[in-house]
Amino acid sequence: QVQLMESGGGSVQPGGSLKLSCASSENIFFFNVMGWYRQTPGKERELVASINVGGVTNYGDSVKGRFTISRDGAKKTVYLRMNMLKPEDTAVYYCHAGVASRTHWGQGTLVTVSS
């Protein structure tokens with residue numbers, strides 16, 4: 001059973017920064033892709049950033065230039081560095097891992113951007 005554990009969420013003022021971590025119970029290179037999604041009430045979960053096994057990254061349009069996804073294989077952890085945060089970044093952020101037709105999700109961590 002794959003387990004993904006997010007951490008690092010919290011409250012921050014607009015313009016601030018946070019770094020989320022997603023610790024995997026499995027070797028992260030086992031997955032074809034890992035990434036971060038976010039969701040707010042009444043809206044569908046949307047892609048924030050992803051990184052595939054080859055290291056190719058992909059970002060949602062609203063976060064390009066502000067967020068950076070990275071990984072540490074030895075620590076089995078994927079990170080999301082979020083800079084220049086905006087109130088509209090407020091959401092529950094979920095870690096995602098996919099291999100073949102199987103997907104796995106963490107339980108989510110809340111990020112609140114407010115003055």
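Residues numbered from 1 in each chain as written. Predicted model: local features only at pLDDT ≥ 70, side-chain atom pairs only at ≥ 80, totals over all residues. Heavy atoms only, no water.

*Asks:* Tell me about the side chain of S21, and name the residues and values.
*Replies:* Relative to the assigned elements, S21 resides in strand β3 (residues 18-24). Beyond its immediate sequence surroundings of up to four residues, S21 is in contact with M5, E6, S7, W36, T77, V78 and Y79. (Helix = DSSP H or I, 4+ residues; strand = E, 2+ residues; numbered from the N terminus. Contact = heavy atoms within 4.5 Å.)

*Asks:* Quick rundown of the nonpolar core? Include the residues and the values.
*Replies:* Soluble globular proteins tend to bury their nonpolar side chains together. Residues M34, W36, L80, M82 and Y93 are the most contacted members of the largest nonpolar core, which totals 28 residues. Among the elements of the structure, β3, β4 (33-39), β5 (46-52), β7 (67-72), β8 (77-82), β9 (91-99) and β11 (109-113) are those that each provide at least two residues to this core. Top element by residues in this core is β9. It accounts for five residues. When near neighbours in sequence (up to four residues on either side) are disregarded, Y93 contacts E6, L20, W36, Y37, R38, V48, F67, L80, M82, G108, T109 and V111. (Core = buried A, V, L, I, M, F, W, Y, C linked by side-chain atoms within 4.5 Å. Buried < 20%, exposed > 50% of the residue type's maximum accessible area, 1.4 Å probe, protein only.)

*Asks:* Break down the pairing of β5 for me, citing the residues and quoting the values.
*Replies:* Bridge count between β4 and β5: six bridges; the pairing is antiparallel. From the neighbouring strand, Y37 faces β5, where its bridge partner is L47. Between β4 and β5, which pair antiparallel in sequence order, lie six residues; one of them, G42, sits at a positive phi of approximately 85 degrees. With three bridges connecting them, β5 and strand β6 (residues 57-59) associate as antiparallel partners. By the bridge assignment, I51 is partnered in β6 with T57. Here β5 folds back onto β6, and the loop between the two strands holds four residues, one of which, G55, carries a positive phi near 95 degrees. (Pairing = 2+ DSSP bridges.)

Function-wise, these values are silent; they only describe arrangement.
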